[in-house]
Amino acid sequence: MGEILVEVATDLPFGHGVPAQLGISGDALNVAAAAAAAGARVGLLSVLTDDDLGQAIAARIAELGISTDLLKFRSGQQGVYLVHCDPAGQREFSYARSGSVGSTLGPDDVEPAVFEAAGAVIAGGIACAISTTSRAAVVKAASLSQRFVFDPNFRPRLTTSEEATAVLAELAPQAFLVTPSFPGETSVLLGSSSPQEAAAKLRAQGTENVAVTCGAEGIQLEWNQDSLWVPAISAPSVVDQTGAGDAFVGTLTARLVLGDSLPTAARYGAAASSLVVGGKGGTGFIPTFDQTRAHAATAGNSVEGAVSSHA
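Residues numbered from 1 in each chain as written. Predicted model: local features only at pLDDT ≥ 70, side-chain atom pairs only at ≥ 80, totals over all residues. Heavy atoms only, no water.

Considerations on the side chain of D246
Next, step 1: Inspection of the secondary structure puts D246 in helix α9 (residues 244–257).
Next, step 2: Buried within the structure, D246 lacks any salt-bridge partner; R155 is the closest side chain of opposite charge, at an N-O distance of 6.2 Å. (Helix = DSSP H or I, 4+ residues; strand = E, 2+ residues; numbered from the N terminus. Buried < 20%, exposed > 50% of the residue type's maximum accessible area, 1.4 Å probe, protein only. Lys, Arg positive; Asp, Glu negative; His and termini not counted. Salt bridge = Lys/Arg side-chain N within 4 Å of Asp/Glu carboxyl O.)

Structure below.
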């Protein structure tokens, strides 16, 4: 659940007459696309404009193997962002989303029967930051879900560190899984200086499982009494880093719902995130699960065997 955005992407610095490619993205869509590709049956709760653009976005959602049954259509302005990616995949964003139709998402849009039946519900800090009604919708979804997965996804342009910290503190006790990034989010939202400390603080708040993403280094996992380090998997090529974290969250959650262990699911998530950076845009390249599984296998003899303790 969350906001879907129109993406205008270019390889050149922003300027008049610069050629760009139109796409559909946003963290909620990127996560849903990755989860669907990983084998899960996925629905996406979001609000689109009730016009041709909204229908075009809905068509793209369906193309990605995501059910459109939960989509809402209302009058308003679709959120947009411009992104410039240099050859190394580093990004510069400019957003036009204030008051967007996506931010009108509210608690009444969260249908209890659907959210109670879902194997997992994924939401992020962005959905909580774009409006008070959207935040309330996420809180309601968390209370209904049997497995609530929360990606803090802290964005200083959208919210303050104090508000984002408060949201995390409210949702962590209800979360089956939280996926903060180190060091950016964990230092700001948890005041932690290591992935292990961040995970311990979330576990102390009541979070059942934690996956702290550490960029190109790997992922720190904490669950039950176990603590494991999952090394990152090198990307075959880097075109655009947009959506890499979302691919990890979507793949990880899908594989957990489908019965994989946390280390196995995390390894698949790491593999998927290292593949999506080879495409342009948040959903420019979504690997199939066969591709993800094969890529994970290149880094070790088995997914479980590639996981080791991290001091």
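Having seen the structure, we can now continue with the description.
A few points about the packing of α9 against helix α10 (residues 262–276)
When two helices pack together, their arrangement is given by the angle between the helix axes and by the axis-to-axis distance.
Next, step 1: At a minimum axis separation of 7 Å, α9 and α10 run at an interaxial angle of 145°. Handedness of the α9/α10 crossing: right-handed. Residues A244, A247, F248, T251, L252, R255 and L256 of α9 lie in contact with α10, whose contacting residues are L262, A265, A266, Y268, G269, A270, A272, S273 and V276. (Axes fitted to C-alpha atoms, helices over the stretch in contact; angles between N-to-C directions. Left-handed = near helix turned anticlockwise from the far one by under 90°. Contact = heavy atoms within 4.5 Å.)

Digging into the sheet that holds strand β12 (residues 226–231)
Backbone-to-backbone hydrogen bonds pair the strands of a sheet. The strands run either parallel or antiparallel.
Next, step 1: Strand order in this open sheet of six strands is β7-β8-β9-β10-β11-β12, and the pairing throughout is mixed. Of all strands in the sheet, those bounded by a partner on one side alone are β7 (121–124) and β12.
Next, step 2: Taken strand by strand, α10 contacts β10 (209–213), β11 (218–223) and β12, and its axis lies near 160° from that of β11. (Pairing = 2+ DSSP bridges.)

What to know about the pattern of salt bridges
Next, step 1: Across all of its chains, the model carries nine salt bridges by this definition.
Next, step 2: Where R135 meets E163, a salt bridge forms, and the shortest distance between an N and an O atom there is 3.0 Å. Of the two residues, R135 is situated in helix α5 (residues 132–144) and E163 in helix α6 (residues 161–171); the sequence distance between them amounts to 28 residues.
Next, step 3: Taking the relative accessible area as the measure of exposure, E163 reaches 40% and is therefore partly exposed.
Next, step 4: Between R293 and D290 there is a salt bridge, with the nearest N and O atoms lying 2.8 Å from each other. On the criterion of helical spacing, the pair formed by R293 and D290 is a turn pair, its members being three residues apart in helix α11 (residues 289–297).

Here's the deal with the pairing of β10
Next, step 1: Across the five residues that make up β10, a large majority, five, are buried.
Next, step 2: Of the two faces of β10, the one holding N209, A211 and T213 and the one holding V210 and V212 are both buried throughout.
Next, step 3: By the bridge criterion, two bridges tie strand β9 (residues 177–178) to β10 in an arrangement that is parallel. Bridge assignment links V178 to a residue of β10, and that residue is V210.
Next, step 4: Across five bridges, the pairing between β10 and β11 is antiparallel.

Some words on the layout of surface pockets
Next, step 1: What the second largest pocket holds in volume is close to 740 Å³.
Next, step 2: Contributing elements (two or more residues each) for the lining of the second largest pocket: α1 (27–37), α3 (112–117), β7 and α9.
Next, step 3: Classifying every residue of the lining of the second largest pocket gives 20 nonpolar, six polar and five charged. (1 Å grid on protein atoms, 1.4 Å probe; cavity = no way out; pocket = protein on both sides within 12 Å on 5 of 7 lines; lining within 4 Å. Points joined across faces, edges and corners; volume = space filled by probe spheres on them. Nonpolar A, V, L, I, M, F, W, Y, C, P; charged D, E, K, R; others polar.)

Re the packing of aromatic side chains
Next, step 1: Evaluated as defined, the whole model comprises three aromatic pairs.
Next, step 2: The ring of F176 is capped by R147, whose NZ or CZ atom sits 5.6 Å from the centre of that ring.
Next, step 3: A cation sits over an aromatic face here: R255 above F289, 4.0 Å from the ring centre. (Phe/Tyr/Trp six-rings, centres within 6.5 Å; stacked < 30°, edge-to-face > 60°. Lys NZ or Arg CZ within 6 Å of the ring centre and 35° of its normal.)

Description of α5
Residues spaced three or four apart along an α-helix point in a common direction, a consequence of the helix completing one turn every 3.6 residues.
Next, step 1: Compared with the 18 Å implied by 1.5 Å per residue over 13 residues, the 19 Å span of α5 between its first and last C-alpha is a close match.
Next, step 2: On the buried face of α5, the contacting elements are α3, β7, α4 (125–129), β8 (148–151) and α6. (Expected span 1.5 Å × (residues − 1).)

Things to note about the confidence of the model for the protein chain
Where the model shows low pLDDT, its predicted coordinates should not be examined in detail.
Next, step 1: Residues with a pLDDT of 70 or more make up 93% of the protein chain, whose mean pLDDT is 92.
Next, step 2: Note on residues 301–311: pLDDT under 50 across the span, and 23 contacts to partners over four residues away in sequence or across chains. (pLDDT = per-residue confidence, 0-100.)

Quick word on the side chain of R255
Next, step 1: When you line up the elements, R255 lands in helix α9.
Next, step 2: When neighbours within four sequence positions are excluded, R255 is seen to be in contact with A38, D260, A265, Y268 and F289.

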